[in-house]
Structure formats: C-alpha cells, structure tokens
Number of protein chains: 2
Amino acid sequence: MRRPRSPRLSRRVLLGGAAAGSLAPGAALAARAGDAAPDWMQVPGRPFREYGAPAPQEADVGREILQPYEDVSPGAGVAMTPLEDLEGTVTPNGLHFERSHNGVPAIDPLRHELLIHGEVERKLLFTPGDLLRYPMVTRILFIECAGNSFFNSNAFPLAVDEACGMIHGLVSTAEWTGVPLSLLLGDARPRRGARWLIAEGADANAMSRSLPLEKALDDVLVALYQNGERIRPEQGYPMRLVVPGWEGNLNVKWLRRLKVVEEPVYARDETSKYSDLRPDGKALQFTFPMDVKSVITRPSGGQKIAPGFLHVSGLAWSGHGAVRRVEVSTDGGNSWQTAALDGRPPLFAPVRFRMNWTWDGAPATLLSRATDQAGHRQESRAEWSARYAHGHLYHCNAIQSWRIEADGSVTNVYL
Amino acid sequence: MRRPRSPRLSRRVLLGGAAAGSLAPGAALAARAGDAAPDWMQVPGRPFREYGAPAPQEADVGREILQPYEDVSPGAGVAMTPLEDLEGTVTPNGLHFERSHNGVPAIDPLRHELLIHGEVERKLLFTPGDLLRYPMVTRILFIECAGNSFFNSNAFPLAVDEACGMIHGLVSTAEWTGVPLSLLLGDARPRRGARWLIAEGADANAMSRSLPLEKALDDVLVALYQNGERIRPEQGYPMRLVVPGWEGNLNVKWLRRLKVVEEPVYARDETSKYSDLRPDGKALQFTFPMDVKSVITRPSGGQKIAPGFLHVSGLAWSGHGAVRRVEVSTDGGNSWQTAALDGRPPLFAPVRFRMNWTWDGAPATLLSRATDQAGHRQESRAEWSARYAHGHLYHCNAIQSWRIEADGSVTNVYL
C-alpha cells in the first residue's frame, strides 16, 4: 500500500475548511455524508434519451464565436474550442472548432457528388453512398487552423487577457474515418506530369486549395465519420478532406471537386491568407505542416487557483509527426522540468502532458515547450516574432506564458 | 501509381446507372457535376453555433430504448448504441449506451460528495472540485453491459430479426479521463485484511457493487471527463467508476461512496443479476472480465446490399486485454479469412476490423470471431449456450451470424 501524499491530502482538508494537518473536520464531513441520502436519490430519475446532451450545469462550456464581418457575412469567422474546460485529447463533436469563410452550407447528401477530374485518365463521380462501400481507415488526428494562436502572434502588440480557448482554440482532435484518397486517385489514374490537386468545397465561398499530389497519395482521407458518427455539418457533412498534420484550411470541408493539375493555382485563400510574410517583405507561399506546439490548459487564463497541490495539464502536438518531449517551467523559463506524457505520443495527434506542482502562493509564470520527433522545439514569442514581418499572425507556435498573481488569478502575459 | 481496382470501379459505374465496364455514363455525370454549382453554394451558409448537433438528415441515428417496466419505473432499462450506423471505434457521447436501474438522477455537482470509508485509517470526502485538482490519466476504454447481446443468448429460443445495435449495442467506447483510484485509496490507507470495495451510486436505485481491492488499486479510475468534456448525466455526472475490461455494472455511475471491507456484500444487483447459471443449477457469482467478442456492423441486420464490391467492417474487443486476431467467414463458418485490423489493437479498447469482399449475389452467411491475447476465442452460439442453463443471458460473447438473401437483405440468424 503506497504512502499517502501529504501535500495533496492536506490541501484537500484545507478545502474542507479545516486547519492544515487536522483531519477532524474531514471526519465530521464524512459522518455527515454518511447520513441521509441526498434528495436526488429520493425520487426516480429521468428516463432515457435517444441522443444525449451535456449536463445543464455545463451549459456555459461552448465555443467562443468571432464574426469579424458580422453585418455582411455572419458565416465568415471562427468558433473556438474551449480548451480550458476540456481534458484528455479528444474533442467532443459539439465543441470541435469551426473556421468557415461563408457559413455552413445546407447540403442535401442525396444530391451531393464528389468529382475527380483534370489530368486523369478516368473522370470519376462519387456520391456519399458510393464512398460508404469503399475501404476505409480510422485515425485519431488533430486539425489546426493556420491562424490559430493569433492572439499570441506579433500581430497583437498590446497584451490581451483571454482564456486558453480564445488564444489557442482553433485546434481540435477527432477520430476520423474515411476512404484513403490514394484509392480514389488510383481509380482515376492521374496522367504523367500531374503534381498537384485542387480541392474545392461546396460552400458559398467555394473554398479552394492546392495540395501536392505526393501528400494526397500518402495519407490523406476523404472522411465521412467523426468520432464514430457521420461528420457534423460545420465539419464538412457529408464529406471532407483530412490531411494529417497539415494546416487546417487544406482539410477542405464539404468536398465537391478534386482536380488533378500540373501546377498549384494560387487560389485566393492560399495567397490572400495563410502565407507567411518575412521581415524583408518576401512571403513564404506554402507552409503545409503545422509546427510543434504545446499549451497548458489548466491552470490557464481567467482561472483562479488556491495555494497548495496542483495538477498542471496541457496539450502538445506537431504536424511533423509525434511529440517527443514536453518541458514545463514555473519560473518564467529560467528552469524547466520534463512533464509526464499520457501514453506514447501518437503520429499527428496530440498527447496530454501532466505535472504535479505545489504552489506556494507567490507570483509565478507557467510556460510549456514541446519538442517533436523532427527535433523542432517551440521558441519564445520574441524569437518567433523576429522571423516574420510585423503584424504577421499565421502559423504561430510561440510559447504560451501564463502569469499567476498572489491572489491566484491567472492571465495571459507576453514574454 | 497503383492500378485501378476494377471490381470497385465497375461497381461504382453500375451505381451510376450504366452498363458494367462502360465509363461513358460516368463521364456524362461528371460533365453534369462540372456545370453549375449546386443551390446550396448560391447562398451564404448558416453562421456558427456554440455547441453543435448532427446533420438533420442523420436525425434517425439514435439509441434504441427498452423500458421493460415502463409503467412503474420508466428509468429502468437500456438505451442501445446504434452500432450499425457508426464507424471507427469511438462512440460519440450522445450515443453512448445507457443501462440505468431507476433513471438518471438530477445531481447538483456543488453538493455532490464522494466518501471513502470503512476499513480505512482515514475517512476521506471529496467534492468534484477536489478531484479536479488531483493527478489524472486519460485512456480510451470500452464499457460493456454484462447483459449485452442478450438477443444472441440462449434466453431467446425464437430467432429475432433486429439491427446490430439492438442485439449488441450495450457496448460503447470513450476516452475517459479521471483520477486513479489507487491515489485516493493510498490517501485513505485501507487497513490490513481489507480485500474488497463496495461502490455505491447516487441514483434512486443506490446501485451497489462489490469490487476486489486488488483491481481498484490496479487500473480503476474515478472518471470526470468523457471524450474531452465533463461526463454526461446518463453516464454518471459528475463522476463515475471506470473499471477497464470488467462488466459494465461495476463501472458505478454517479459515484457517491466507496466502502473498504473484508468481504463482498452480495448486493442485490450482483445476486439477482449478472451471475451465470450453469446447467447443473449452480451459479457463478462473480464474472468480472468481459469475454472476447466481435461483431460485423456493416453489412448487418436490416441493411440491404447490392452485388459487387463491398467493404465488410466490424468491432472486436476483450476484457482480457488486447484483441490479437479477427477472422471473417462468408460461408457460414466453413472457411475463415483473417481480417485487417485498423492499427495495433489497444488494451481494453475495441479495434475496427475490415475485409474487402465481392458479393456474387448468391445467398451467404457472414460471421466474425475474435481471439484475444489470453488465447480466448469466440464460440458458436450453440457451444456458448451449452455451458449455461436454459434462459441464461449474461456475458454472452457467442459468434454473431448475418444471413444475406439473394435480394440483398441482411437478417440475424442463429447458428
């Protein structure tokens, strides 16, 4: 039998309202709880539901919605995953982040078709029903918007004080099931010289992106299921591309057409957006894999903590494969400790990292930095910013810093 | 570039309404699809939602509800996961199966408390807030009701014709996050001689089960999160036991008290139910691990298939650890082929198995049988039934047989 963990235990008793060390109040509480059953045990509970919903007491756990052009295009913007309220690595379907450029189309799945055309020997057309008879694979993968963490980029010189989800909530994780795109392309037979695909969505924005054929033939899915059930409308119902590890915008939702071509098209949404402007004024056109990133979700911005034993918990992921290591600092980056990882870090999926910490009540600054299997490690915000033009916000994987004040309040700070 | 798969491709063209082999109609369709954008691309889509929901066209994907005592206790019964509609291995929270004995209690999480008492040196009391500061771990695990697959047991001598979920839908899978029970017990310090735990739920049934202390100290969780978000009310909000691989009833929901004792209590729900009656009239009192099982979910009962290329897909799991192998038969068990597995089978979590098959249109009977790391393999329904008294239904892991008629209809048959 292992020995009791004193810090944890005394903290618990403190929460019980007693003096540190004394267990008497705990026992008193225990005696009380041993008495009468609570009122909710005195009456039969509610019966069954065909499709469940979260507890009413959790109703405030929702996606934060930003609509920068609300008057002209309310469907252009984002809905961000409340990372600070979640644990583990899977995002429930109702809270998976949304990035849409002109709203969620009302697609009739019986009329929706996926066309494969262009430089192919066989033009092919698939209904969702066709694809449901194709071989499928299942993978747990993160999808991250290239604009995620914009509040931590150098586009916001004035410090913002927001919750973790508002800063980093354009990343979510699901178990995706779909048809390997390599099978469909194998049936279409791309012609010699074809090197790229143009993927087009069936939304009012006709979202179009260029994708290297090499990646398309490697591990890309035409996904139909998300965490077991058919994909949600805002995630691309009835089908979407899932491009493991690459920027979210390439994971084209409501997938309608795949055109095999020789060169990229430099579509609007890969030139006006998602390119990286350097200090010398030159831009990187295509930045496909999302860089290694980690963020502490508990404690995080807007939360308030009490002194004593704490469990520090966060997420780490990389578009270059698996995370190899996560380090946590409680002193603003002067010293680092290796965090525990929840199991073996998977490919292109987040790993939950954890560290137990006893907070002495003095002001502190919590940071985390991840290193991936390619050897990339997160930089400070200053280091990251120096690599880009002022005002740049895409592909920001800078280290997140959480400041803990003496009163236990946690805020976003820029280091 | 891989060669096109003719069976798949010609099947697709057939669905396109053309003669087998001819691609012209496919091209015609393609041309059509290349024309005007569909109507849902002509108007802005709907804006964002704080919490999402499935597509309206998927509204019939829900849990099948059975309430055997509907008049006196509508909250006693089951809601079954529609396995035939799902893919991958994760069950979305809204569709996780329910087994409740007197409904879902309306628990106030601010007043709910977990008491650890009995043969311990320290009586401890935890609020959900206390546990949220404790160290946590995350694991993907199945939970299966001991009464699952009752329609496939020998309690139903007359063949039933039901969908896969109605027969086997009392098993679901989620990513569970919670506090290792070993930590809480370590703080409570069980006394010498203590060998069992009595877990009690805060529902109107005060569900109570005896659990060996050895398992409790091994891998049992007091779970607070399910697929990332706080546990749903029907799954035990605000906290439940999760007992990897063991029968569902031990995963006590709405966990209220844990009493450390020397002997099991033989509570009502472990004597009147969940025990295994042998032909000689003697019963096995405790059957904890759920036996190895597999079931083909597509094609399955109530579905209708067309001749040609098919993707056969199903789930396999074992309470004894990981699944090692799944075999599929298309001729009623005369011959078996090894199915492909989606990745390395995890411990106490299902693996999706897959097999491509070209159906020639002649009547056929599809079976699957799984073997786990302990060497256990599923038996036929006749073999399984012979080991128990007539009318026995618990812990049924017999092989499921699906009959495909010449018209493509699929039904449950007993072999």
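Keep in mind that this is a model prediction, so the values were computed, not measured.

What counts as what
Residues numbered from 1 in each chain as written. Chains lettered and ligands numbered in written order. Predicted model: local features only at pLDDT ≥ 70, side-chain atom pairs only at ≥ 80, totals over all residues. Heavy atoms only, no water. Pairing = 2+ DSSP bridges. Helix = DSSP H or I, 4+ residues; strand = E, 2+ residues; numbered from the N terminus. Buried < 20%, exposed > 50% of the residue type's maximum accessible area, 1.4 Å probe, protein only. Contact = heavy atoms within 4.5 Å. Phe/Tyr/Trp six-rings, centres within 6.5 Å; stacked < 30°, edge-to-face > 60°. Least-squares fit on C-alpha atoms with pLDDT ≥ 70 in both. Salt bridge = Lys/Arg side-chain N within 4 Å of Asp/Glu carboxyl O. Axes fitted to C-alpha atoms, helices over the stretch in contact; angles between N-to-C directions.

Draft legend 1. The sheet that holds strand β18 (residues 323-329) of chain B, seen in detail. All names here are of chain B. Taken in spatial order, the five strands make up an open sheet running β19-β18-β22-β23-β24, and their pairing is antiparallel. A single partner strand is all that each edge strand has here, and the edge strands are β19 (337-338) and β24 (410-413). Two strands pair when backbone bridges link them, and β18 and strand β22 (residues 364-372) are joined in this way by six bridges, in the antiparallel orientation. Counted as the bridge partner of valine 323 is aspartate 372 from β22.

Draft legend 2. Summary view of the environment of valine 171 of chain A. Residues and elements named next belong to chain A. For valine 171, the position within the fold is in strand β7 (residues 171-180). A relative accessible area of 5% means that valine 171 is categorised as buried. Aside from chain neighbours lying at most four places away, what touches valine 171 is Thr81, Leu83, Phe97, Phe142, Ile143, Glu144, Asn148 and Trp317.

Draft legend 3. Looking closely at the packing of aromatic side chains. Counted under the stated rule, the structure contains 20 aromatic pairs over all chains. Aromatic pair phenylalanine 126 of chain B and tyrosine 134 of chain B: ring centres 5.7 Å apart, planes at 90 degrees, arrangement edge-to-face. Judged by its relative accessible area of 0%, tyrosine 134 of chain B is buried. These aromatic residues form a ring-pair network of at least three members: Trp196, Trp246, Tyr266, Phe286 and Phe288 of chain A.

Draft legend 4. Highlighting the environment of methionine 80 of chain B. All names here are of chain B. Considering the arrangement of structural elements, one finds methionine 80 in strand β2 (residues 77-80). By relative accessible area, which is 1% here, methionine 80 ends up buried. A C-alpha to C-alpha distance of 15 Å links methionine 80 and glycine 301, two positions 221 residues apart in sequence. Filtering out sequence-adjacent residues up to four positions away, methionine 80 remains in contact with Gly62, Arg63, Glu64, Leu66, Phe97, Phe150, Gly165, Met166, Ile167, Gly169 and Leu170.

Draft legend 5. Just the relation of the copies chain B and chain A, in detail. With an axial shift of 0.0 Å and an RMSD of 0.0 Å, the rotation relating chain B to chain A amounts to 180 degrees. The transformation just described matches what one would write down for a two-fold rotation axis. Using C-alpha coordinates, one finds that chain B approaches the rotation axis most closely at proline 92 of chain B, a distance of 3.6 Å. Here 99% of the interface residues in chain B have copies in chain A that are interface residues too; the copies meet face to matching face.

Draft legend 6. Quick look at the pattern of salt bridges. Within this structure, the stated rule accounts for 48 salt bridges over all chains. As a salt-bridge pair, glutamate 234 of chain B and arginine 46 of chain A come within 3.2 Å of each other at their nearest N and O atoms. Of the two residues, glutamate 234 of chain B is situated in the loop between β11 (229-230) and β12 (240-242) and arginine 46 of chain A in the loop between α2 (24-34) and β1 (64-66); the pairing between them involves two chains. Judged by its relative accessible area of 0%, glutamate 234 of chain B falls in the buried class. Across the pair glutamate 247 of chain B and arginine 209 of chain B runs a salt bridge whose closest N-O atoms are separated by 2.9 Å.

Draft legend 7. Representation of the sheet that holds strand β4 (residues 114-118) of chain B within the structure. Residues and elements named next belong to chain B. Across the sheet, five strands lie side by side as β5-β4-β13-β8-β9; this open sheet has mixed pairing. Where the open sheet ends on each side, the last strands, each with one partner, are β5 (124-126) and β9 (208-212). Adjacent strand axes in the sheet meet at a mean angle of 20 degrees when their direction is disregarded. Inspection of the sheet shows strand β8 (residues 196-201) paired to strand β13 (residues 255-261) by six bridges, in the antiparallel sense. Residue pairing across strands places isoleucine 198 opposite lysine 259, the latter belonging to β13.

Draft legend 8. Layout of the pairing of β24 of chain B. Residues and elements named next belong to chain B. Note: strand β23 (residues 401-404) against β24, four bridges, orientation antiparallel. Pairing of arginine 403 across the sheet is with threonine 411, part of β24. Hairpin connection, β23 to β24: the antiparallel pair is bridged by five residues, and glycine 408 has positive phi, about 90 degrees.

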